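# Structural description and commentary
Listed here are the chains, written in short residue letters.
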Amino acid sequence: MKKRIYTVASAHLDTIWSWDFETTTKKYIYNTLVENFAMLKKYPNYVFSFEGSYRYELMEEYYPELFEELKGYIKDGRWNVTGSAFENGDVNTPSPEALFRNILIGNSYFDEKFGKRSCDIFLPDCFGFGWALPSIAHHAHLTGFTTQKLAWGSAYGVPFDIGKWYGVDGNFVYATVNPNSYYYILTKLRDWDFLQDKLKKNEEYGLDWTYVFHGIGDRGGSPFEKSVKYVEDEIAKNGESDIEVIASSADRIYRDIETELPDEVKDKLPEWKTELVMQNHGVVGYTSRAIGKRWNAKCQELADMAERFGVMSSYLGTMDYNEEVIEKCWKRAIAHQFHDDIPGTSVQRAYRRSWNDYAMSINQLEGEIEASLTSLSGLMESGFCAGVPVMVTNPVEA
C-alpha cells in the first residue's frame, strides 16, 4: 500500500469576530459559495469541506438558488458537510447537554437536507478542548476529532499527528491534531520536511498516512487557486510516486481508519488521556463579557426544565409538547456558543444580537414552563384544602 497524504481544503468562517453577524450573512457566506463553486467547476479533483449546519441554514434562507446548486456538489461528494454540529462552538463553557444538542441538531439537518452525515468533530480554531469532549463525541456515534489550534500554545504541546484521544469514561475518538494551519497555501507536499517528518513518526506505529490543511481563515471564501492547482498537479503524479496525494473531505481519514486499517495498527496508535487546553489563547475568554455566560447558563437550565415539564404534561395529556419552540430556543443559545462569541472575543456591536437572542430564549422557555405547570395543576385535587392551594415544583426531581 502506498503512503498517503490527505489534503483537506476548507475555509474557516467566524460567525462573528472583528465583524458582526450581518457582515457574515451579506458577504462571507455568499463568498464561500461562489468562490468554491468556481474552484469546483475548474478543477475536477477539488474537494471542499465546510462545517456548521447553522451556516447552511443561512445559505438556504438568504441564497436559495445557490443552495440548490450546492446540493448537487454535496450529492457528488465534492462539497462535504463536516464537523457534525450546528455551530463551530466553544466546548468548555457549554454544558454537556448543549454539546450533545449541537451535534444532534447539526447532523440531523445534514441528513434531512442532503442525506449525509459527518462522523467528526471539526474545530480548527477553538481555544482548548476539555476532557469530556471525546466521551461526548463517542456517545454521539462520532469517530474523529480535528484541530490545528494546539500548535498555537497547547499546555501539553502537540501529542501526536494521528492517534486516539480518550475521554473521562475511557472511550476514545481518533484525532488529528497536527495538520498545519488552516490558513495555508500549499506549494510542496511529497518533498515537504514537515510532512516527511510526520510520516516517519507515524510509521513507528505502522501508519503510512498523514493529514494536512490548506485553505483560508476566518472570513470564509475558498483556498487560494494557487494551492488548489498545486494539489491537482500533485494528484496527477500519483501513478509514478510511492506517496499518494488525496484531495480529501475532512472526515475521510476517520472512515478509512475504521474500514482499511488492520486492528494491529489501530491498537498501536499513540494515545492521549487528558484534556487538551491552551496556555494563553482562551484564558481571558473565560472571564470576559460575563453576562453572556450567565445568560447562556440560564438558557441551558431553563431548556432542561421546559423539556421535563413539557414531556410530563404531554404524557399526562394536559397539553402538547412544544418541540418547535424549545428547539428554536436551544438553537439560539447554541448559535452564541460559537468560539468567538461566548468567550467574549468579538466586537461589542456583535453582542447586541447575542444578548437579545439569549433574552428571547429565556422569555420563551419561561413561558413554556409556566404553560406546562399551569396545565398540570389542573390535575391536582385541592378541594379538601383550606385557604389558597399552592403548587410547588422541583425541576431537579421532575
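What counts as what
Residues numbered from 1 in each chain as written. Predicted model: local features only at pLDDT ≥ 70, side-chain atom pairs only at ≥ 80, totals over all residues. Heavy atoms only, no water. Core = buried A, V, L, I, M, F, W, Y, C linked by side-chain atoms within 4.5 Å. Buried < 20%, exposed > 50% of the residue type's maximum accessible area, 1.4 Å probe, protein only. Helix = DSSP H or I, 4+ residues; strand = E, 2+ residues; numbered from the N terminus. Contact = heavy atoms within 4.5 Å. Axes fitted to C-alpha atoms, helices over the stretch in contact; angles between N-to-C directions. Parallel < 35°, antiparallel > 145°, perpendicular 65-115°, else oblique. Nonpolar A, V, L, I, M, F, W, Y, C, P; charged D, E, K, R; others polar. Left-handed = near helix turned anticlockwise from the far one by under 90°. Disulfide = S-S within 2.5 Å. Phe/Tyr/Trp six-rings, centres within 6.5 Å; stacked < 30°, edge-to-face > 60°.

## As for the nonpolar core
- Counting 29 residues, the largest nonpolar core has Leu33, Tyr56, Met59, Leu70 and Trp79 as its most contacted members.
- Counting only elements with at least two residues in this core, the list comes to β1 (3-11), α1 (21-42), β2 (48-51), α2 (53-62), α3 (64-75), β3 (79-82) and α4 (96-114).
- Setting aside its immediate chain neighbours within four residues, Tyr56 contacts Phe50, Glu51, Phe67, Leu70, Ile74, Trp79, Asn80, Val81, Tyr109, Phe110 and Phe114.

## Thoughts on the packing of α2 against α4
- One can describe the packing of α2 onto α4 by two numbers: an axis separation of 9 Å at closest approach and a directional angle of 40 degrees. If you check the angle between α2 and α4, you find them oblique. The segment α2 lies against α4, with Ser53, Tyr56, Glu57 and Glu60 engaging Ile105, Gly106, Tyr109, Phe110, Lys113 and Phe114.
- Here the residues of the contact of α2 with α4 are counted per class, giving 5 nonpolar, 2 polar and 3 charged.

## Some words on the packing of α1 against α3
- Running from amino to carboxyl end, α1 crosses α3 at an angle of 45 degrees, the nearest separation of the two axes being 11 Å. Overall, the two elements α1 and α3 adopt an arrangement that is oblique. Note on packing geometry: the crossing formed by α1 with α3 is left-handed. Seen from α1, the contacting residues are Tyr30, Leu33, Val34, Phe37, Leu40 and Lys41; seen from α3, they are Leu66, Glu69, Leu70 and Tyr73.
- When its residues are assigned to classes, the contact of α1 with α3 shows 8 nonpolar, no polar and 2 charged.

## Considerations on the state of the cysteines
- Overall, the coordinates contain 0 disulfides when judged by the stated rule.
- No disulfide involves Cys299; its sulfur sits 7.5 Å from the nearest other cysteine sulfur, which is in Cys329.

## Things to note about the packing of aromatic side chains
- Within the structure shown, the criterion is met by 29 aromatic pairs.
- Geometrically, the ring pair formed by Tyr54 and Phe86 is tilted, given 5.0 Å between the ring centres and 35 degrees between the ring planes. Linking Tyr54 in helix α2 with Phe86 in the loop between β3 and α4, this pair joins segments that are 32 residues apart in sequence.
- Judged by its relative accessible area of 14%, Tyr54 falls in the buried class.
- Phe86 gets classed as buried once you look at its relative accessible area, which sits at 2%.

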